[in-house]
Amino acid sequence: MHRALIVVLLGAQVLGLWAAPLVDPSYRFTAETFAPVIAALPEPLRAAVQADPQGFLRDYKPLLTQSADLLVLVDKKNELPSDYEPDDLVSLRAPVFPANHGGLKFRKAYLKSLSALLDAAKKEGLKVTLSSSYRSWAYQKDLFQRYAAKDGLATAERYSARPGRSQHQLGTVIDFGSVTPEFADTPEGQWLAAHAGAFGFSLSYPDGKEDLTGYVYEPWHFRYIGVQSCAVQKKWFGDMQQWLTEFHSSQGPVLKAALKK
Ligand SMILES: [Zn+2]
């Protein structure tokens, strides 16, 4: 190669004129630096992101700027500290919030989304009731011990969480209706399965996914993660909240650091 051309090419590289193209203009990812971000995704999901990385990054962007507590991973391996308690808990009172028990509390920051969901259900002629919401670490400890004493430890582990591992401690979870498997077949249960996501509520423990979530099907247990998170969960994560929160917990900080200001 002509020496002058080599000098020009080296100069261009130093000046960044010859840099690898960015996957998306909003992030500092090149194809090479983006690949490790999605490497651990289960295969059908990884392939879909690989096919449209820009679409994925564009859809994911709002999840990086929303409140971090919305997608915090709480499961059998990732516990909340015993002293974690949201500082904006408010009581859920009838008639706006038809609670089946007294003393239900939920985070004020997301209360409007809950009332919007209940309003929409009401307009369809449905009576969606609330059976459980925030639980403190200490309350969950008692609850789990009671279940374990009644059904044995192994069985209790399948439907109840040890303290610190319950999403209820977040103050963003609602158990709707009867809290029984039959709830799935009621008009209210079916309406929630179809529409809760439009209000930002995600089903945490879907049918047939015990190997992934650690829990049996709970058609009544919904966690508020935000409307955009629900859309991303559905489009990119096989509608599995567990996959989304696992990904967000490991790669959310990486994506956020790569986001251009
Ligand atoms: Zn629950």
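Residues numbered from 1 in each chain as written. Predicted model: local features only at pLDDT ≥ 70, side-chain atom pairs only at ≥ 80, totals over all residues.

## A short note on the overall build of the protein
We count it as follows: The numbering of helices and of strands both runs from the N terminus, where a helix is a DSSP run of H or I of at least 4 residues and a strand a run of E of at least 2. Every C-beta atom is placed from the backbone, and the number of other C-beta atoms within 10 Å of a residue's own sets its class: buried at 20 or more, exposed at 12 or fewer, partly exposed in between. By the convention adopted here, residues are in contact when the distance between their C-beta atoms, placed from the backbone, does not exceed 7 Å.
Assigned secondary structure in the protein consists of eleven helices and six strands. Across the 261 residues of the protein, 30% fall into the buried class. Within the protein, contacts between residues separated by at least 24 positions form 67% of all contacts whose residues are at least 6 apart in sequence.

## Section: the domain arrangement of the protein
Many descriptions give the size of an interface as the accessible area lost when the pieces come together. Rule in force here: Throughout the structure description, domain borders are defined by an automatic or database domain assignment.
Per the domain assignment, the segments making up the protein are domain 1 (3–66) and domain 2 (69–225). The distance between the C-alpha centroids of domain 1 and domain 2 comes to 38 Å.

## Brief notes about the nonpolar core
Quick note on the threshold: In these notes, a nonpolar core means any group of buried Ala, Val, Leu, Ile, Met, Phe, Trp, Tyr and Cys residues linked to one another through C-beta atoms within 7 Å.
The biggest cluster of nonpolar side chains holds 44 residues, and the ones touching the most others in it are Leu117, Phe176, Ala196 and Phe222. Elements with a minimum of two residues in this core: helix H2 (31–38), helix H4 (53–65), helix H5 (111–123), strand S4 (173–176), strand S5 (201–203), strand S6 (221–224), helix H10 (227–236) and helix H11 (241–258). Non-local contacts of Ala196, meaning those with residues more than four positions away in its chain, are made with Leu117, Phe201, Leu203 and Phe222.

## Describing the environment of Glu32
Along the chain, Glu32 turns up in helix H2. Of the residues examined, Glu32 has 9 C-beta atoms within 10 Å and is grouped as exposed.

## A short note on the packing of H4 against H10
For the record, the criterion: Axis lines are fitted to C-alpha atoms, over the contacting stretch for helices. Their N-to-C directions set the angle, which ranges from 0 to 180 degrees. What sets the label is the angle itself: under 35 degrees gives roughly parallel, over 145 gives roughly antiparallel, 65 to 115 gives roughly perpendicular, and the rest give oblique. Crossing handedness is defined as follows: a turn of the near helix away from the far one that is anticlockwise and smaller than a right angle gives a left-handed crossing, while the clockwise case is right-handed. Charged residues are taken to be Asp, Glu, Lys and Arg, nonpolar residues to be Ala, Val, Leu, Ile, Met, Phe, Trp, Tyr, Cys and Pro, and polar residues to be all remaining types, Gly included.
In the contact formed by H4 and H10, the axes pass within 8 Å of each other and the chain directions differ by 150°. Classed by the angle they form, the pair H4 and H10 counts as roughly antiparallel. For the crossing formed where H4 meets H10, the hand is left-handed. Contact residues: Phe56, Asp59, Tyr60, Pro62 and Leu63 in H4; Gln228, Ser229, Val232, Lys235 and Trp236 in H10. Grouping the amino acids of the contact of H4 with H10 by side-chain chemistry returns six nonpolar, two polar and two charged.

## Things to note about the sheet that holds S4
Our working rule: At least two DSSP bridges between two strands are required for those strands to pair.
With antiparallel pairing, the four strands of this open sheet are ordered in space as S3-S4-S6-S5. Looking at strand neighbours, the two that pair on one side only are strand S3 (130–132) and S5, the edges of this open sheet. Across this sheet, the average inter-strand angle for adjacent strands is 45°, counted without regard to direction. Relative to S4, S3 is paired through two bridges, and the arrangement is antiparallel. Residue Leu130 lies in a different strand from S4, and its bridge partner there is Phe176.

## Regarding helix H6 (residues 137–151)
Given 3.6 residues per turn, any residue in an α-helix points the same way as the ones three and four places further on. In plain terms, the rule: A helix is expected to span 1.5 Å multiplied by its residue count minus one.
The end-to-end C-alpha distance of H6 is 21 Å, a good match for the 21 Å that 15 residues give at a rise of 1.5 Å each. Looking one or two residues beyond H6, the residue adopting positive phi is Gly152, at roughly 90°.

## Notes on the pairing of S6
The alternating pattern of S6 places His221 and Arg223 and Phe222 and Tyr224 on opposite faces, both of which are buried. Examined bridge by bridge, S4 and S6 share three bridges and lie antiparallel to one another. The residue of S6 that forms the bridge with Ile174 is Phe222.

## Some words on the environment of Tyr60
Relative to the helices and strands, Tyr60 resides in helix H4. For Tyr60, a count of 23 C-beta atoms within 10 Å translates into the label buried. Sequence separation of Tyr60 and Gln140 is 80 residues, and the distance between their C-alpha atoms is 33 Å. The contact partners of Tyr60, leaving out residues within four places of it in the chain, are Val232 and Leu255.

## Observations regarding the packing of H4 against H11
At a closest axis distance of 10 Å, the pairing of H4 and H11 adopts a crossing angle of 95°. One way to sum up the angle between H4 and H11 is to call them roughly perpendicular. The residues of H11 that touch H4, namely those facing Tyr60, Leu63 and Leu64, are His248, Gly252, Leu255 and Lys256. Grouping the amino acids of the contact of H4 with H11 by side-chain chemistry returns four nonpolar, two polar and one charged.

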